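Given next are the chains, with one letter for each unit.
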Amino acid sequence: MKAIVVTDQAAGTAGMKLVERPEPRPAINDVVVQVHASGFTWDELTWPPTWTDRLDRDRTPSIPGHELAGVVTARGYGTTGLSVGQRVFGLTDWTRDGTLAEYVAVEARNLAPLPGDVDFTVGASLPMPGLTAWQGLFVHGRVRAGQSVLAHGAAGVVGSVVTQFAREVGAYVIGTGRAADRQAVLDLGANEFVDLENDALKDVGPVDLVFDVFGGDIVKRSAGLIRAGGTLVTIAGPTEARPADGLAIDFVVESDRAQLAEIVQRVRDGRLRTNIGTVSTLDEAVAAFNRTGRRKGKTIIRVRP
Ligand SMILES: NC(=O)c1ccc[n+]([C@@H]2O[C@H](COP(=O)([O-])OP(=O)(O)OC[C@H]3O[C@@H](n4cnc5c(N)ncnc54)[C@H](OP(=O)(O)O)[C@@H]3O)[C@@H](O)[C@H]2O)c1
């Protein structure tokens, strides 16, 4: 099968190569999915599990990409809940070969059925931002109607879903980002916008929940904006600086079939707009990930036309 592999961490996305790889076999409780559309997160090649397995052993050449929408073509021993021919979407394991390939082996529990009226490109754009926003707001942040939420990077892939979910539950949302994104963030439903490069973050607040996607100086300054009893959740990478221990809830998104069903239902009934940027073929994917200029929205690779 055709797949994109990486072998050189220092090379970043410029080191991606389109090669021939053996098709994966389904292990216990796996399915093999014929990938129709694949999602890649822009800084995935900085994540440790792209390069090493759970025992810290080199696992290159590794296939990046952890979101997919496609069709089940095989089931492993003992697999229940999904059938061959079924349309599915979901998030794959960080330490296994991913979805920038024609086929991928995934634990069935990490996938949900993709309704027939939802396009594969849309399906592949949902798992990472949808599950991350859901878990940060509702599971870890326990947001409720009437609370105020500071949503960082609100025009971005994750932040745009955070903004929409927080508004849907009746929270007051202050979105942040770059000046050029003000209108886009307000159009997503944010009540206010803070331009991080020109407005004073210290004038915000107090808020009940900060949803951080940056780490570093911004999350440290945001910690001071939280009302007593409030929460700070952050999804910034493990190497990013963050507030002193105990102040922030760091989490890494996990796949969840029931949450995927909730998320895709919101797209079907118009409550959620997904943030898709460039859509490219697998043959053109390396160029798509290495384009110059501002990247807006999630890059989706349409593996099958
Ligand atoms: N822990 C987890 O489970 C998890 C899950 C999902 C994602 N993540 C991580 O979360 C991060 C965000 O992912 P994403 O896909 O949402 O990225 P994204 O689409 O690039 O979103 C970030 C947004 O913030 C803006 N921004 C960046 N730096 C800024 C600054 N200094 N001032 C104002 N605005 C700024 C970006 O604008 P520009 O495009 O102009 O820079 C963009 O609109 C990534 O590091 C990703 O790996 C973690």
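Computed from a predicted structure; not experimentally measured.

1. Comments concerning helix 2 (residues 127–140)
At step 1: Where burial is concerned, most of helix 2 is hidden: 10 out of the 14 residues are buried.
At step 2: Those residues of helix 2 not exposed but buried are Pro127, Met128, Pro129, Gly130, Leu131, Thr132, Ala133, Trp134, Gly136 and Leu137.
At step 3: Phi for Arg142, located one or two positions after helix 2, is positive at around 45°.

2. Some details on the site of the ligand
At step 1: Inspection of the region around the ligand gives 23 residues, with Gly153, Gly156, Val157, Val158 and Ile235 positioned closest.
At step 2: Among the secondary structure elements, those contributing two or more residues to the shell around the ligand are helix 2 and helix 3 (157–168).
At step 3: Sort the elements by how many residues they give to the shell around the ligand and helix 3 lands first, with 3 residues.

3. Section: the nonpolar core
At step 1: Ranked by size, the top nonpolar core spans 79 residues in total, and within it Val33, Phe89, Val149, Ala151, Val162, Ala166 and Phe211 carry the most contacts.
At step 2: Here this core takes 6 residues from helix 3, the largest share from any one element.
At step 3: Taken domain by domain, this core gets at least three of its residues from each of domain 1 (2–126 + 275–302) and domain 2 (129–250).
At step 4: Beyond its immediate sequence surroundings of up to four residues, Val149 is in contact with Val143, Ala166, Ala171, Val173, Val207, Asp208, Leu209 and Phe211.

4. Looking at the packing of helix 2 against helix 3
At step 1: The N-to-C vectors of helix 2 and helix 3 enclose an angle of 50°; their axes lie 8 Å apart at closest approach. Regarding the angle of helix 2 to helix 3, the classification is oblique. Crossing handedness for the pair helix 2 and helix 3: right-handed. Each of Pro129, Gly130, Thr132, Ala133, Trp134, Gly136 and Leu137 in helix 2 lies in contact with helix 3, whose residues at this interface are Val157, Val158, Val161, Val162, Phe165 and Ala166.

5. Comments concerning unusual backbone geometry
At step 1: Following Thr60, the chain continues to Pro61 via a peptide bond in cis, the omega torsion being -5°.
At step 2: If you trace the backbone, Pro61 turns up in the loop between strand 3 (30–39) and strand 4 (67–75).
At step 3: Here the phi dihedral of Asn29 falls at roughly 65°; this positive angle occurs in a residue that is not glycine.
At step 4: Relative to the assigned elements, Asn29 resides in the loop between strand 2 (17–20) and strand 3.
At step 5: A positive phi angle, near 70°, is found at Asp56, a position not held by glycine.

6. Structural notes on the domain arrangement of the protein
Quoted interface sizes are often the accessible area lost when the parts come together.
At step 1: Entries for the protein in the domain assignment read domain 1 (2–126 + 275–302) and domain 2 (129–250).
At step 2: Domain 1 and domain 2 are separated by 28 Å when their C-alpha centres are compared.
At step 3: If you look at the interface, domain 1 gives 8 residues, while domain 2 gives 6 residues.
At step 4: When grouped by side-chain class, the residues that make up the side of domain 1 that touches domain 2 number 3 nonpolar, 3 polar and 2 charged.

7. Overview of the environment of Ile300
At step 1: Checked against the element boundaries, Ile300 lands in strand 15 (residues 298–302).
At step 2: When the C-alpha positions of Ile300 and Ala37 are compared, they lie 6.7 Å apart, and in sequence the two are 263 residues distant.
At step 3: Ignoring sequence-local partners within four residues, the contact set of Ile300 consists of Ala37, Gly39, Thr121, Ala124, Ser125, Ile276 and Val279.

8. Regarding the pairing of strand 9 (residues 172–177)
At step 1: For strand 9, a buried count of 5 out of 6 residues is recorded, marking the element as mostly surrounded by other parts of the structure.
At step 2: Two elements, strand 8 (residues 148–151) and strand 9, share 4 bridges in a ladder whose sense is parallel. When the bridges of strand 9 are listed, Ser148 appears paired with Tyr172.
At step 3: On the question of chirality, the crossover connecting strand 8 to the parallel strand 9 by way of helix 3 is right-handed.
At step 4: Of the pairings in the sheet, the one linking strand 9 to strand 10 (residues 192–195) comprises 4 bridges and is parallel in character. The residue of strand 10 that forms the bridge with Gly175 is Phe193.
At step 5: Note that the unit made of strand 9, helix 4 (residues 182–187) and strand 10 has a crossover that is right-handed.

9. Some remarks on the packing of helix 2 against helix 6 (residues 257–268)
At step 1: At a minimum axis separation of 10 Å, helix 2 and helix 6 run at an interaxial angle of 105°. Judged by the angle between their axes, helix 2 and helix 6 are roughly perpendicular. Contacts between helix 2 and helix 6 involve Pro127, Gly130, Leu131 and Trp134 from the former and Gln259, Leu260 and Ile263 from the latter.
At step 2: Across the contact of helix 2 with helix 6, the residue classes tally to 5 nonpolar, 2 polar and no charged.

Cut-offs applied
Residues numbered from 1 in each chain as written. Predicted model: local features only at pLDDT ≥ 70, side-chain atom pairs only at ≥ 80, totals over all residues. Buried ≥ 20, exposed ≤ 12 C-beta atoms within 10 Å, placed from the backbone. Helix = DSSP H or I, 4+ residues; strand = E, 2+ residues; numbered from the N terminus. Near = placed C-beta within 6 Å. Core = buried A, V, L, I, M, F, W, Y, C linked by C-beta atoms within 7 Å. Domains from an automatic or database assignment. Contact = placed C-beta atoms within 7 Å. Axes fitted to C-alpha atoms, helices over the stretch in contact; angles between N-to-C directions. Parallel < 35°, antiparallel > 145°, perpendicular 65-115°, else oblique. Left-handed = near helix turned anticlockwise from the far one by under 90°. Nonpolar A, V, L, I, M, F, W, Y, C, P; charged D, E, K, R; others polar. Pairing = 2+ DSSP bridges. Right-handed = clockwise from strand over helix to strand, strands pointing away.

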